[in-house]
Amino acid sequence: MDSKSKFMRTLLFSIAFLTLQTFLGQDKTPNIILMIGDGMGLSQISAGMYANDNSTALEGFEYVGLSKTHALNQLITDSAASGTAMACGVKTLNGVIGIDGRNNKHISILELYKEKGYATGLLATSSIAHATPASFYAKVHSRRQYEDIALQLSEHNVDLFVGGGKDFFLEREDKRNLIDEMTQHTFVNNLEEFKKSSADKIGFLTYGEEPPPKRLGRAPALEDIVETSLQKMKAKETPFFMMIEGSQIDWGGHDNDTDYIISEFQEFNLTIQKVLDYAKANGNTLVIVTADHETGGFAITGGSLKRSRVKGSFNSKGHSATMVPVFSYGPNSDLFAGIYENTAIFDKMLITLKGATE
Ligand code: MG
Ligand code: ZN
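Residues numbered from 1 in each chain as written. Chains lettered and ligands numbered in written order. Predicted model: local features only at pLDDT ≥ 70, side-chain atom pairs only at ≥ 80, totals over all residues. Heavy atoms only, no water.

Q: So what's going on with the overall build of the chain? Residues and values would help.
A: Counting its secondary structure elements, the chain contains 13 helices and 14 strands. Computed over C-alpha atoms, the radius of gyration of the chain comes to 21 Å, within 12% of the 21 Å expected from 2.2 N^0.38 for 358 residues, which places it in the range of a compact globule. The burial tally for the chain puts 55% of its 358 residues in the buried class. Partitioning the contacts of the chain with sequence separation of at least 6, the portion at a separation of at least 24 is 72%. In the chain, 35 side chains carry a positive charge and 43 a negative one; their mean positions are 5 Å apart. (Helix = DSSP H or I, 4+ residues; strand = E, 2+ residues; numbered from the N terminus. Rg over C-alpha atoms; globule rule 2.2 N^0.38 Å. Buried < 20%, exposed > 50% of the residue type's maximum accessible area, 1.4 Å probe, protein only. Contact = heavy atoms within 4.5 Å. Lys, Arg positive; Asp, Glu negative; His and termini not counted. Charge placed at Lys NZ, Arg CZ, Asp CG, Glu CD.)

Q: So what about the nonpolar core? Which residues, and what values?
A: In terms of nonpolar packing, the biggest core is built from 50 residues, with L122, F136, F161, F169, F241 and M349 touching the most fellow members. Residue contributions to this core peak at six residues, all from helix α13 (residues 343-357). Ranked by size, the runner-up nonpolar core spans 45 residues in total, among them F204, I225, M233 and I272. (Core = buried A, V, L, I, M, F, W, Y, C linked by side-chain atoms within 4.5 Å.)

Q: Explain the coordination of the magnesium ion (ligand 1) to me, using residue names and the numbers behind them.
A: For the magnesium ion (ligand 1), the full set of protein donor atoms is D38 (OD), T132 (OG1) and E245 (OE), at a range of 2.0 to 2.2 Å. Donor residues for the magnesium ion (ligand 1), ordered by position in the chain, follow D-x93-T-x112-E. Of this pair, D38 sits in the loop between β1 (31-37) and α2 (42-51) while E245 is found in strand β7 (residues 240-246), placing the two residues 207 residues apart along the sequence. The same class applies to D38 as to E245, namely buried. (Donors = N, O, S within 2.8 Å, 3.2 Å for Na, K, Ca; no water.)

Q: Just give me the short version of the packing of helix α10 (residues 222-236) against helix α12 (residues 258-282), but keep the residues and values in it.
A: Relative orientation and spacing of two packed helices are given, respectively, by the angle between their axes and the distance between those axes. Axis separation between α10 and α12 bottoms out at 8 Å; the angle between their running directions is 25°. It follows from the interaxial angle that α10 and α12 lie roughly parallel. Along this stretch, α10 crosses α12, giving a crossing that reads as right-handed. Between α10, through L222, E223, V226, E227, L230 and K234, and α12, the contact on the second element is made entirely by E267, F268, L270, T271, K274, V275, Y278 and N282. Here the contact of α10 with α12 is built from residues that sort into seven nonpolar, two polar and five charged. (Axes fitted to C-alpha atoms, helices over the stretch in contact; angles between N-to-C directions. Parallel < 35°, antiparallel > 145°, perpendicular 65-115°, else oblique. Left-handed = near helix turned anticlockwise from the far one by under 90°. Nonpolar A, V, L, I, M, F, W, Y, C, P; charged D, E, K, R; others polar.)

Q: Please set out the packing of aromatic side chains residue by residue, giving values where relevant.
A: Across all of its chains, the model carries nine aromatic pairs by this definition. Centroid distance F136 to F241: 6.3 Å. Interplanar angle 35°. Geometry classified as tilted. With a gap of 105 residues between them, F136 in the loop between α5 (131-134) and α6 (146-154) and F241 in strand β7 connect regions that are remote in the sequence. Note on F241: relative accessible area 0%, which makes it buried. Taken together, a centroid distance of 5.6 Å and an interplanar angle of 45° make the contact between F194 and F204 tilted. Of this pair, F194 sits in helix α9 (residues 191-196) while F204 sits in strand β6 (residues 202-205), placing them 10 residues apart in sequence. The same class applies to F194 and to F204, which are both buried. Each residue in the set Y113, Y118, F136 and F241 is aromatic and connected to the rest through ring pairs, giving one cluster. Sitting over the ring of F194, K232 keeps its end group 5.4 Å from the ring centre. (Phe/Tyr/Trp six-rings, centres within 6.5 Å; stacked < 30°, edge-to-face > 60°. Lys NZ or Arg CZ within 6 Å of the ring centre and 35° of its normal.)

Q: Please provide a residue-by-residue account of the coordination of the zinc ion (ligand 2), values included.
A: Donor atoms from the polypeptide that bind the zinc ion (ligand 2) are D250 (OD), D250 (OD), H254 (NE2) and H319 (NE2), placed at 2.1 to 2.3 Å. Taken together, the four donor atoms coordinating the zinc ion (ligand 2) and their angles of 57 to 151° define a geometry best described as irregular. Binding-site remark: the zinc ion (ligand 2) is held by donors from one chain whose sequence spacing is D-x3-H-x64-H. Within this pair, D250 and its partner H254 are both found in helix α11 (residues 249-254), separated by four residues, close to a single helical turn. Owing to a relative accessible area of 5%, D250 belongs among the buried residues under this scheme. (Tetrahedral: all angles 85-135°; square planar, octahedral: opposite > 155°, others 65-115°.)

Q: Run through empty space enclosed by the protein, naming residues and quoting values.
A: Scanning the model with the defined rule gives one cavity of 30 Å³ or more in all. Of the pockets and cavities examined, the largest cavity occupies roughly 60 Å³. Along its surface, the largest cavity is lined by A124, T125, G163, T206, Y207, P211, R218, A219, P220, L222, I225 and E267. When the residues that make up the lining of the largest cavity are grouped by side-chain class, the tally is seven nonpolar, three polar and two charged. (1 Å grid on protein atoms, 1.4 Å probe; cavity = no way out; pocket = protein on both sides within 12 Å on 5 of 7 lines; lining within 4 Å. Points joined across faces, edges and corners; volume = space filled by probe spheres on them.)

Q: Please give an account of unusual backbone geometry that cites residues and values.
A: Leaving glycine out, the prevailing phi sign among residues is negative, and the prevailing peptide bond configuration is trans. The linkage connecting A219 with the following residue, P220, adopts the cis geometry, with an omega of -5°. Residue placement: P220 occurs in the loop between β6 and α10. Positive phi outside glycine occurs at N284, with the angle close to 50°. Within the element layout of this structure, N284 appears in the loop between α12 and β8 (285-291). Of the residues examined, N284 reaches a relative accessible area of 23% and is grouped as partly exposed. Despite not being glycine, N332 has its phi angle at roughly 70°, a positive value. With respect to the helices, strands and loops of the structure, N332 is situated in the loop between β13 (324-329) and β14 (338-341). Judged by relative accessible area, which is 31%, N332 ranks as partly exposed.

That is the geometry; function is a separate question.
Have a look at this one:
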């Protein structure tokens with residue numbers, strides 16, 4: 001064989017190999033990381049950004065969309081109805097989790113991903129039985145049924161969960177000890193144990209009740225919990241679905257407290273950066289960052305760019321109906337551009353799952 005035909009043969013092999021690689025690459029199912037800033041409207045993001053030297057990790061995303069947050073027949077949603085919309089793809093009444101207005105229970109996107117062999121994780125800076133994380137595993141008529149919600153989590157197969165609310169598992173009216181009953185899960189008590197654990201399924205209940213605000217010393221930091229969780233997910237060598245909630249941005253809004261909002265956003269922002277870095281380094285990871293609704297009718301009415309100071313004003317002690325932004329990065333991120341109902345976030349995640357398995 002002369003050198004020219006040798007070269008041609010090498011070239012053809014290379015093309016065939018690259019084509020195969022591209023094909024396999026496209027066929028590989030993507031990880032999905034859904035990040036929900038509870039009550040994180042555009043003003044909350046803007047305030048956090050200005051307070052952070054006019055910068056946010058969200059600037060590194062590829063597409064931005066807007067989500068309509070209203071509940072089934074109420075203009076102003078709560079976290080249960082909007083959590084259900086994103087998790088299960090249906091509008092429902094305020095206060096209801098995983099059940100629609102006709103009393104039908106709905107399977108969540110986490111459960112659909114689980115069925116396809118994905119590893120799953122839920123991480124929150126509230127109790128793990130609070131409305132937002134509960135929307136991904138529970139079906140209850142009232143978000144206040146915390147002990148029922150905890151029971152449903154104990155019977156669920158979420159691989160990894162981190163959040164407060166340990167008392168709902170231990171200090172129960174039915175006297176059951178759900179932690180003892182969850183024999184498939186290993187429970188850890190602090191970040192060091194969490195990091196060290198090589199268990200397949202892990203529960204980390206960080207506080208008995210609701211975790212305190214970040215500025216009052218909530219620990220461990222969400223970005224550290226997420227970094228460790230990502231390492232554990234990566235080690236499983238199956239694709240994963242993870243929901244990460246910055247839960248207390250909402251509580252700052254309810255308190256009409258700009259500094260509370262900003263301190264919670266800052267931790268969430270650091271976590272978003274960690275997740276985005278992971279997606280960039282590992283590839284094949286769809287990251288979606290959004291909110292369930294805006295809280296406080298918050299507006300920025302003054303401040304100083306130079307001194308990274310923001311002065312806020314509030315129109316409400318509750319939620320507002322303004323649309324919330326959706327930021328996306330990675331495979332199928334283009335699906336999240338445009339204006340759509342919050343239920344479409346479920347639909348778009350489902351398209352990603354189906355596209356990945358067909
Ligand atoms: Mg929440
Ligand atoms: Zn709220």
